[in-house]
Amino acid sequence: MTKKRIIIETITFSLILIISYIAIFIVLFFSSRDQMRINLQADCQVAERIFDGSNPTVTGKEVTSAFKDNDYRISIITREKDGEYTIIYDNHNMYQSNEDADELDNIDDYTTRKSSYGYSMVYYVMRDEQNPSYYIRAAIRESNVSELSYDFLLYGSIALIIILFFYGLYKYKAYINGIKPLKEEVQRLAYISNIDDTGEEDLQALTESIDVISNKLVDDIKALTNEREKTKNILDSVSQAIIAISNSGNIALYNLSASKLFNYEEKEAINENYHILNIGDEFNKNLDLVLQGKIKTSTFDCVIRNIIYSCEIIHTDSSWLDSGKIGAVILFSNVDEERRINKIKNDFFSNASHELKTPLTSILGYLELIDKGILQNEDEKEAISESIKEAKKMKDLLKDMLIINNLDSNKQLKKEEVSLKETIDEIVSSLRPLLLSKEITITTNEDDFTILADKKDIERLLINLIENAIKYNKDKGKITITLNSSDKTFKIEDTGIGIASENINRIFERFYRVDNSKTDKNIEGTGLGLAICKHIAQLYDYQIEVQSKLAIGTTFTVHFK
Ligand code: ADP
């Protein structure tokens, strides 16, 4: 109900009440006037019956005493021929008669005029039946007639005003009470949507406020949805898996990388206990400590599906988490490659220092013997030549280590067209002394092709493979080199000692050397040759295949690009 309607209703009600009241007043006024006239006539008739004009001194007194305390004024009047009149009896003892008495000419009827005393009076006049020269007159003040009506008007109006006041008050209260819950709701919504409440207690104003609030809320909801989408997009575009866990252990946030890592969709994981992710005991233990507030952050490595992740648990006091304010945000970063490289580097340094230490110890040993003069002639010569051999080993080792270090340092590749045939021919001729010393024959089937690469890298790759084919070949053995331009392959087959199947997977590891001491004489090497080959292949995305049979021979195939 609007305020306007309340006002209209109240006015309508007031008008009906006032009109009804006026109607009652009019009816009351006229009916009391008529009643007064009837009474006036009746009293006049009674007085006429009492009065006897033939015996006026007695009956006149009887009349005045009969109407002594009556409101109606009863007078017995005589009239002269010139129109002058005299009041001979009057129950109110009022004998003034200096006015025209029109009523005396208006017998058996009502006359209204101002009396000698200044009142407006209603008169009724009869002639005495016994002696018509006597007039019996009954009179009453007109104000007496309407007194009752005026009282009714006065008190009725006061009552009417009170009724209307309370009616209006009641209507207003009912209206205010009716819109109170709505008003409270609007105030609440205005507070939520950060809008100034007008404070008006009008339905129209409230409806307008609701319109403003609902528009603001629609805008706010749109802005929030956009903000949520933005945050979700950002979280989903992050390569780290991010989850948030509430104090109760339920998952409250879960990004796209997390669903890829744990194989659970976001909708499957949200509000579930984090144990479904099955991350491991160390994780559970650290998360408990963070959730209990014993530590603020915890960072450790954990293995999930054979991949190493750095897991960072961060304590958070966020109200958006479902139960309570405390929770944890967890970041999983894939550090598998980093850790692997670190391990390789650590292994490399420990292996390198070990490999360098061995020849250095030998050299020092020989030098000490020479220095102390313990060795004589031939022994001394042999010690010197052994020292030279060990020093060469160290030199080769350092050379290979430097190569590996250069390859590791992500150098800028200087690519050029490299002819495979040309490169192989150069290498073979440089290794001629070695070939001759072992009387190895080399056959080349070269269907030449070129590749785009740093020539030094290709040389290193091919030298290592060809040198190994010579080193690990038997005396008078054979080597066959085949270049195939159609599938861009280089194949080198030897008839050497071969590699046992259990060792094949490890020959590309840094410093790994197959122990050939039982089958063959000690063959010199650094254990870095094939590691360098593998490194170069990775740099250019080439593939290297190995096939080998013990005591029969080995074939290495390089698939170029
Ligand atoms: P090394 O300096 O010892 O030759 P590599 O990295 O070149 O180091 O080779 C690793 C190991 O692989 C060698 O110690 C050897 O046992 C084995 N190997 C490599 N090439 C051959 C081959 N052609 N025939 C047999 N064994 C080989």
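Residues numbered from 1 in each chain as written. Predicted model: local features only at pLDDT ≥ 70, side-chain atom pairs only at ≥ 80, totals over all residues. Heavy atoms only, no water.

Participant: If you had to explain the sheet that holds strand β14 (residues 478-484) to someone new, which residues and values would you point to?
Facilitator: Across the sheet, which stays open at both edges, the five strands sit in the order β12-β14-β15-β17-β16 with mixed pairing between neighbours. Each edge of the open sheet is held by one strand with a lone partner, namely β12 (441-446) and β16 (543-549). In this sheet, adjacent strand axes meet at a mean angle of 10° when their direction is disregarded. Judged from the six bridges that link them, β14 and strand β15 (residues 489-494) form a sheet pairing that is antiparallel. The partner of Leu483 across the bridge, within β15, is Phe490. Running over the sheet, helix α10 (residues 420-430) touches β12, β14 and β15 and is turned about 160° from β14. Running over the sheet, helix α12 (residues 455-471) touches β14, β15, β16 and β17 (553-559) and is turned about 20° from β15. (Pairing = 2+ DSSP bridges. Helix = DSSP H or I, 4+ residues; strand = E, 2+ residues; numbered from the N terminus. Axes fitted to C-alpha atoms, helices over the stretch in contact; angles between N-to-C directions. Contact = heavy atoms within 4.5 Å.)

Participant: Can you break down the pairing of strand β7 (residues 251-254) residue by residue, with the values?
Facilitator: Sheet topology places strand β6 (residues 241-246) next to β7; three bridges connect them, and they run antiparallel. From the neighbouring strand, Ile243 faces β7, where its bridge partner is Tyr254. Taking the residues that link successive antiparallel strands as the turn, the β6-β7 hairpin has four residues, and the phi of Gly249 there is positive, at about 90°.

Participant: Report on the site of the ligand, specifying residues and quantitative values.
Facilitator: Near the ligand, the surroundings consist of 20 residues, among which Asn468, Tyr472, Arg513, Thr526 and Leu530 are the closest. Contacts to the ligand include Gly529, whose backbone N or O atom sits 3.3 Å from an oxygen atom. A distance of 3.5 Å is found between a nitrogen atom of the ligand and a side-chain nitrogen or oxygen belonging to Thr554. Here the ligand loses 98% of its free accessible area of 520 Å² to cover by the protein chains. When atoms are counted within 2 Å of each cavity's grid points, the one that captures over half of the ligand is the largest pocket. Mapped onto the shell around the ligand, the elements with two or more residues apiece are α12, α14 (529-540) and β17. Classifying every residue of the shell around the ligand gives nine nonpolar, eight polar and three charged. (Near = heavy atom within 4 Å. Polar contact = N/O pair within 3.5 Å; in protein donor to acceptor, adjacent residues only side chain to side chain. Areas by Shrake-Rupley, 256 points an atom, 1.4 Å probe, with all protein chains shown as cover. 1 Å grid on protein atoms, 1.4 Å probe; cavity = no way out; pocket = protein on both sides within 12 Å on 5 of 7 lines; lining within 4 Å. Sits in = over half its atoms within 2 Å of the grid points. Nonpolar A, V, L, I, M, F, W, Y, C, P; charged D, E, K, R; others polar.)

Participant: Can you explain the layout of surface pockets? Please cite residues and give values.
Facilitator: As a volume, the largest pocket reaches approximately 1,000 Å³. Glu467, Asn468, Lys471, Glu524 and Gly525 are the residues nearest the centre of the largest pocket, which is lined by 37 residues in total. By residue number, the principal contributor to the lining of the largest pocket is α12, which donates eight residues. Among the residues forming the lining of the largest pocket, the class breakdown is 15 nonpolar, 10 polar and 12 charged. Counting only domains with at least three residues in the lining of the largest pocket, you end up with domain 3 (340-408) and domain 4 (416-559). A volume near 660 Å³ is recorded for the second largest pocket. For the second largest pocket, the lining is made up of 23 residues, of which Arg340, Ile344, Arg510, Lys534 and His535 are closest to its centre. Elements with a minimum of two residues in the lining of the second largest pocket: α8 (336-371), α9 (377-408) and α14. (Points joined across faces, edges and corners; volume = space filled by probe spheres on them. Domains from an automatic or database assignment.)

Participant: Give a description of the state of the cysteines that names residues and reports values.
Facilitator: Going through the model one piece at a time under the given rule, you end up with zero disulfides. Here Cys302 is not disulfide-linked; the sulfur of Cys311 is the nearest cysteine sulfur, at 4.7 Å. (Disulfide = S-S within 2.5 Å.)

Participant: Can you tell me about the pattern of salt bridges, naming the residues and giving the values?
Facilitator: By the definition in use, this model includes 25 salt bridges. Between Arg510 and Asp408 there is a salt bridge, and its shortest N-O distance comes to 3.3 Å. Placement of the pair is Arg510 in the loop between α13 (501-504) and α14 and Asp408 in helix α9, with a sequence separation of 102 residues. On the basis of relative accessible area, Arg510 is assigned to the buried category, the value being 18%. Residue Asp408 is classed as partly exposed on the basis of its relative accessible area, which comes to 29%. (Salt bridge = Lys/Arg side-chain N within 4 Å of Asp/Glu carboxyl O. Buried < 20%, exposed > 50% of the residue type's maximum accessible area, 1.4 Å probe, protein only.)

Participant: Tell me about α8, and name the residues and values.
Facilitator: Taking 1.5 Å of rise per residue, 36 residues should cover 52 Å, and α8 covers 51 Å from first to last C-alpha, within 8% of that figure. Within α8 the residues assigned to the buried category are Phe348, Ala352, Leu356, Pro359 and Ile363. Here the buried face of α8 lies against α9. Positive phi appears at Gly373, one or two residues downstream of α8, with a value of about 70°. (Expected span 1.5 Å × (residues − 1).)

Participant: Which residues make up the environment of Ser387, and what values do they have?
Facilitator: Turning to its location among the elements, Ser387 is positioned in helix α9. A relative accessible area of 9% places Ser387 in the buried class. Sequence separation of Ser387 and Pro359 is 28 residues, and the distance between their C-alpha atoms is 8.1 Å. Contacts of Ser387, omitting those with residues within four sequence positions, involve Ile363 and Tyr366.

Participant: Describe the packing of aromatic side chains, with residues and values.
Facilitator: Aromatic ring pairs are defined here through the distance separating the ring centres and the angle between the ring planes. Taken as a whole and assessed by the stated rule, the structure comprises 15 aromatic pairs. For the pair Tyr21 and Phe152, a centre-to-centre distance of 5.2 Å together with 20° between the ring planes defines the contact as stacked. A residue pair is termed long-range when its members are at least 10 positions apart, and Tyr21 in helix α1 (residues 3-50) and Phe152 in helix α3 (residues 142-192) qualify at 131 residues. Members of the aromatic cluster, connected to one another through ring pairs, are Phe262, Tyr274, Phe283 and Phe332. The residue whose ring lies beneath Arg37 is Tyr110, and the NZ or CZ to ring-centre distance is 4.9 Å. Residue placement shows Arg141 over the ring face of Tyr119; its charged tip is 3.6 Å from the ring centre. (Phe/Tyr/Trp six-rings, centres within 6.5 Å; stacked < 30°, edge-to-face > 60°. Lys NZ or Arg CZ within 6 Å of the ring centre and 35° of its normal.)

Participant: Break down the nonpolar core for me, citing the residues and quoting the values.
Facilitator: Ranked by internal contacts, the top residues of the largest apolar core, which has 52 residues, are Ile451, Leu462, Ile466, Phe490, Ile492, Tyr542 and Phe560. Among the domains, domain 3 (340-408) and domain 4 (416-559) are the pair contributing at least three residues each to this core. Ignoring sequence-local partners within four residues, the contact set of Tyr542 consists of Ile451, Leu452, Ala453, Ile458, Ala537, Val558, His559, Phe560 and Lys561. Listed in part, the 25 residues of the second largest apolar core include Ile243, Ile245, Tyr254 and Phe332. (Core = buried A, V, L, I, M, F, W, Y, C linked by side-chain atoms within 4.5 Å.)

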